[in-house]
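Here's the letter readout for the chains.
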Amino acid sequence: MPMSPKPTCRLVRPESTYQGKQGLSYFAGIAAETVGSSGICMHPLTMPPGARAKAHMHESHETAIYVLSGEVHTWYGDRLEHHIVVKAGDLFYIPAGVPHLPANLSDAPSSAVIARTDPNEQESVVLLPELDGLVA
């Protein structure tokens, strides 16, 4: 029976980007795809001025966000009925299965570090196009 390699520490420099289902461009970070993680995903995200994600949820996984700079408006809830502005220095938690839609309505970029309990960055993303029109 072949032995699997022993896990080891890995360094990731977020130099490459990919287009997420949510409609934003993400920097590659810690994920099953990059380091073989089995329980976490973490990556930086910079939203340019005017950027807006598609309404979505992460079906079975929690999300934690730490905003490094700027601010992002986020609508959340079953009908995106709740609204919050998350600013530099804030931590924001999104439970599994909660629909949300972030948008950078400012004239400056906003950067954050995002961590999820899904090691596969795009696996649990469920787009909710029926909710997109609820936010002007």
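Right, let's walk through the structure included here. Please read all numbers here as calculations on a predicted model, not as lab measurements. All residue numbers refer to position in the chain's written sequence, counted from 1. Note on the predicted model: pLDDT of at least 70 is required for a residue's local features to be given, and 80 or more for side-chain atom pairs to be given and counted; whole-chain, interface and lining totals, by contrast, use all residues. Where side-chain values are given, they derive from all heavy atoms of the structure, hydrogens and water being excluded.

### Looking at the sheet that holds strand β5 (residues 63-69)
To summarise the sheet geometry, strands pair through backbone hydrogen bonds and adopt either a parallel or an antiparallel arrangement.
Okay, so step 1: Strands are labelled as partners when DSSP assigns at least two bridges between them. The helix count covers DSSP runs of H or I at least four residues long, the strand count covers runs of E at least two residues long, and both are numbered beginning at the N terminus. Ordered in space as β3-β10-β5-β8, the four strands form an open sheet in which the pairing is antiparallel. Strand pairing shows two members of the sheet lacking a second neighbour, β3 (41-47) and β8 (91-94), which therefore form its edges. Each neighbouring strand pair of the sheet contributes to a mean axis angle of 20°, computed without reference to strand direction.
Okay, so step 2: Alignment of β5 against β8, held across four bridges, turns out to be antiparallel. Bridge pairing links I65 to F92 in β8. All axes are obtained by fitting lines to C-alpha atoms, using only the stretch in contact for helices, and the reported angles, taken between N-to-C directions, cover 0 to 180 degrees.

### Examining the packing of aromatic side chains
Aromatic ring pairs are reported here in terms of the distance separating the ring centres and the angle at which the planes meet.
Okay, so step 1: Ring geometry is summarised as follows: Phe, Tyr and Trp rings, the Trp one being its six-membered ring, pair when their centres sit within 6.5 Å, and such pairs are stacked at plane angles under 30 degrees, edge-to-face over 60 and tilted between the two. Enumeration over the complete set of coordinates arrives at two aromatic pairs.
Okay, so step 2: When the ring of Y18 is compared with that of Y26, the centres are 5.7 Å apart and the planes differ by 20°; the resulting orientation is stacked.
Okay, so step 3: Burial here depends on accessible area, computed with a 1.4 Å probe over protein chains only, as a share of the maximum for the residue type. Under 20% is buried, over 50% is exposed, and the range in between is partly exposed. For Y18, a relative accessible area of 24% translates into the label partly exposed.

### Description of a nonpolar patch on the surface
Okay, so step 1: Residues enter patches when their relative accessible area tops 30% and they take part in no salt bridge; the joining distance is 9 Å for like charges and 5 Å for the nonpolar side chains Val, Leu, Ile, Met, Phe, Trp and Tyr. Accessibility throughout is a Shrake-Rupley quantity obtained with a 1.4 Å probe, and a residue counts as covered only by protein chains that appear here. We define a salt bridge as a contact between a side-chain nitrogen of Lys or Arg and a carboxyl oxygen of Asp or Glu at a distance within 4 Å. Judged by side-chain polarity, Y66, L68 and L91 come together as a nonpolar surface patch covering roughly 330 Å² of accessible area.
Okay, so step 2: Here Y66 shows up in strand β5.

### Structural notes on the pairing of strand β9 (residues 100-103)
Okay, so step 1: Where burial is concerned, the two faces of β9 agree: the one with H100 and P102 and the one with L101 and A103 are both buried.
Okay, so step 2: Taken together, the four bridges between strand β6 (residues 71-76) and β9 define a ladder with antiparallel strand orientation. Paired with T74 across the bridge in β9 is P102.

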